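Residue strings, one per chain:
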Amino acid sequence: MSAIGLSFIWEFTKRDFSERFAGSMLGAVWALIWPIVNLLIYIIIFGKLMGARLPGNSDTYAYSIYLISGLIPWIAFTNTIGRASTIFLEKKTLITKVSLRLPSLVIFVGAAEAVTLAVTYAFFFIFLVVTEYPLNRHMLLVPLIFYLQQVLALSLGLLFATLTTFFRDLKEVVGITLQLWFWATPIIYVQDILPNFIKRLLVLNPAVYFIDAYHDIFMYAKLPSLGAMVFLVVMAHGVAAFAYWVFRSLEKDVRDAI
Amino acid sequence: MIFVILLTVMALFGVQYVRRRVAPSKKIYGYILLSAVYTAGLIIGHYYFTAS
């Protein structure tokens, strides 16, 4: 896998964590504290204080689990796209001084987000076990679904990173689009509350395929639709091939522009 | 489990093939194709074995 520089990605991922918490007394322990606090907020505020319930489900924690199972991967997804889309500009000093493969910079962002998500999911699973929530064998699919969503996120990140080098305004457009995309995806609400014509439009939203898959597995203990999963595989890898083709076509200009 | 191991071994052979035989400019496309086939294989395998 030397074409993408695995050792480089590993070093940058480690450095990303050490730089993020550099100078603090607790250091990388903060990487554990953040997800715990976030999970507690969702569980206590939505489950206990607001008493939010899912339609047809009276379980105290049902809405919290619905929310967490979709929101944690979504945060990883948007952080990956958001950070990757400006990575060439952020690391321009490094790029101009050292000969490195530019896609490796995008992949390290995805790897760093994957570590954060893995830690958060570990605490989420501890919460599920403590509350005696029934685990199911379909949860084995979660790493695969996460992998596919990150392939999609990295591909969009590479595409935007390439284009942002020429059009700096794109950085803001990406931020606004991700915000709108969040509300267009059933993460904090259920699809059933939407009018029929909007429900039909959801098939055009690529994020719905993986968010629905998480909800199916965690909330309803059922397999996501096979058609949706195959579509997710094809779409994520198709976008990856397209993004890399665009990057290769413009690589020389990107280096010149930086 | 045997299915996962077999698929992984096949994917590793695929990685070796891409590394050695595919032109440098096309390598990434080879890895993308391998990744698609491997993940699709794991997903379809999971559906097949959990259904049976």
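Anyway, here's the lowdown on the structure attached to this text. Everything quoted here is computed from the prediction, not taken from an experiment.

With that settled, consider the overall build of chain A. Of the regular secondary structure elements, chain A holds 11 helices and 0 strands. Here the C-alpha atoms of chain A give a radius of gyration of 19 Å, agreeing with the 18 Å that 2.2 N^0.38 yields for 258 residues. In terms of overall dimensions, chain A has C-alpha extents of about 60 × 50 × 35 Å along its principal axes. Residues counted as buried form 49% of the 258 residues belonging to chain A. The contacts in chain A between residues at least 6 apart in sequence include a share of 75% that link residues at least 24 apart.

Next up on the list: the packing of helix α6 (residues 102-130) of chain A against helix α7 (residues 142-164) of chain A. Residue and element names in this part refer to chain A. At a minimum axis distance of 10 Å, the contact between α6 and α7 shows a crossing angle of 145 degrees. With respect to the hand of their crossing, α6 and α7 are arranged in right-handed fashion. Residues P103, V106, I107, G110, E113, A114, L117 and Y121 of α6 pack against V142, F146, Q150, L154, G157 and L158 of α7. Split into classes, the residues belonging to the contact of α6 with α7 amount to 10 nonpolar, 3 polar and 1 charged.

The next subject is the packing of aromatic side chains. This model, assessed by the stated rule, comprises 20 aromatic pairs over all chains. When the ring of A:W74 is compared with that of A:F182, the centres are 6.1 Å apart and the planes differ by 45 degrees; the resulting orientation is tilted. Highlighted residues: A:W74 in helix α3 (residues 62-84) and A:F182 in helix α8 (residues 170-183), separated in sequence by 108 residues. Geometrically, the ring pair formed by B:Y48 and B:F49 is edge-to-face, given 5.2 Å between the ring centres and 85 degrees between the ring planes. What makes B:Y48 exposed here is its relative accessible area of 57%. We classify B:F49 as partly exposed; its relative accessible area is 45%. Cluster of aromatic residues (ring-pair linked, three or more members): A:W74, A:F77, A:W181, A:F182, A:W183 and A:F210.

A separate point is the pattern of salt bridges. Residue and element names in this part refer to chain A. Inspection of every chain in the model, using the stated rule, returns 4 salt bridges over all chains. A salt bridge links E113 to R83, with the shortest nitrogen-to-oxygen separation between them at 3.2 Å. With E113 in helix α6 and R83 in helix α3, the pair connects residues that are 30 residues apart, well separated along the chain. The class for E113 is buried, based on a relative accessible area of 6%. Of the charged contacts in the structure, one is a salt bridge between E251 and R248, with a shortest N-O distance of 3.5 Å. Of the two residues, E251 and R248 are both situated in helix α11 (residues 226-257); the distance of 3 residues between them amounts to about one turn of the helix. Residue E251 is classed as buried on the basis of its relative accessible area, which comes to 17%. By relative accessible area, R248 is classed as partly exposed at 39%. Among the charged side chains, a network of salt bridges with common partners joins R248, E251 and R255.

Listed by partner, the interface residues are 17 residues for chain B and 22 residues for chain A. Carbon and sulfur atoms make up 76% of the area that chain B and chain A hide from each other, which totals about 1900 Å². Counting across the interface, chain B meets chain A through 0 salt bridges. Taken together, the connections running from chain B to chain A amount to 6 residue pairs in polar contact (both at pLDDT 80 or more). At 15 residues, helix α2 (residues 27-51) of chain B tops the list of elements feeding residues into the side of chain B that touches chain A.

Relative to each other, α7(A) and α2(B) sit at 150 degrees, their axes nearing to 11 Å. Considering the angle they form, α7(A) stands roughly antiparallel to α2(B). For the element pair α7(A) and α2(B), the recorded crossing hand is left-handed. Contact with α7(A), carried on its side by A:L144, A:Y147 and A:L148, involves B:S35, B:T39, B:L42 and B:I43 of α2(B) and no other residues of that element. Split by residue class, the contact of α7(A) with α2(B) holds 5 nonpolar, 2 polar and no charged.

Before going further, it helps to examine the side chain of A:T165. Residue and element names in this part refer to chain A. Structurally, the position occupied by T165 is in the loop between α7 and α8. Within polar-contact distance, the side chain of T165 engages the backbone oxygen of T162 at 3.1 Å. Sequence-distant contacts of T165, that is, excluding residues within four places in its chain, are made with F88, L89, V254, A257 and I258.

Cut-offs and rules
- Every chain is numbered on its own, with residues counted from 1 as its sequence reads.
- Chains carry letters from A onward and ligands carry numbers from 1 onward, assigned in written order.
- In keeping with the model being predicted, local features are shown solely for residues with a pLDDT of at least 70 and side-chain atom pairs are shown and tallied solely at 80 or more, while totals for entire chains, interfaces and linings include all residues.
- Values shown for side chains rest on all heavy atoms present in the structure; no hydrogens or waters enter the calculation.
- The helix count covers DSSP runs of H or I at least four residues long, the strand count covers runs of E at least two residues long, and both are numbered beginning at the N terminus.
- All radius of gyration figures rest on C-alpha atoms, and the globule criterion is 2.2 Å times the number of residues raised to 0.38.
- Think of it in three bands: residues with accessible area under 20% of the maximum for their type are buried, residues over 50% are exposed, and the middle band is partly exposed, with areas taken using a 1.4 Å probe on protein chains only.
- The contact criterion used throughout is that any non-hydrogen atoms of two residues lie within 4.5 Å.
- Convention adopted: a line fitted to C-alpha atoms gives each axis, helices being fitted over their contacting stretch, and angles between N-to-C directions are expressed from 0 to 180 degrees.
- It is the rotation of the near helix from the far one that decides the hand of a crossing: anticlockwise by less than a right angle makes it left-handed, clockwise makes it right-handed.
- Any residue outside Ala, Val, Leu, Ile, Met, Phe, Trp, Tyr, Cys, Pro, Asp, Glu, Lys and Arg is labelled polar, Gly included; the first ten of those are nonpolar and the last four are charged.
- Only rings of Phe, Tyr and Trp enter the pairing, Trp through its six-membered ring, and a pair is recorded when the two centres are within 6.5 Å. The plane angle decides the type: under 30 degrees is stacked, over 60 is edge-to-face, the rest tilted.
- When a carboxyl oxygen of Asp or Glu lies within 4 Å of a side-chain nitrogen of Lys or Arg, that pair is called a salt bridge.
- Buried area is a sum: the accessible area each of two parts loses on coming together, probed at 1.4 Å, counted once for each and added.
- For the purposes of these results, a polar contact is taken to be a pair of N or O atoms within 3.5 Å, where, inside protein, one atom must be able to donate a hydrogen and its partner to accept one; residues adjacent in sequence count only when each atom of the pair is a side-chain atom.
- An angle below 35 degrees is treated as roughly parallel, one above 145 as roughly antiparallel, one from 65 to 115 as roughly perpendicular, and anything else as oblique.

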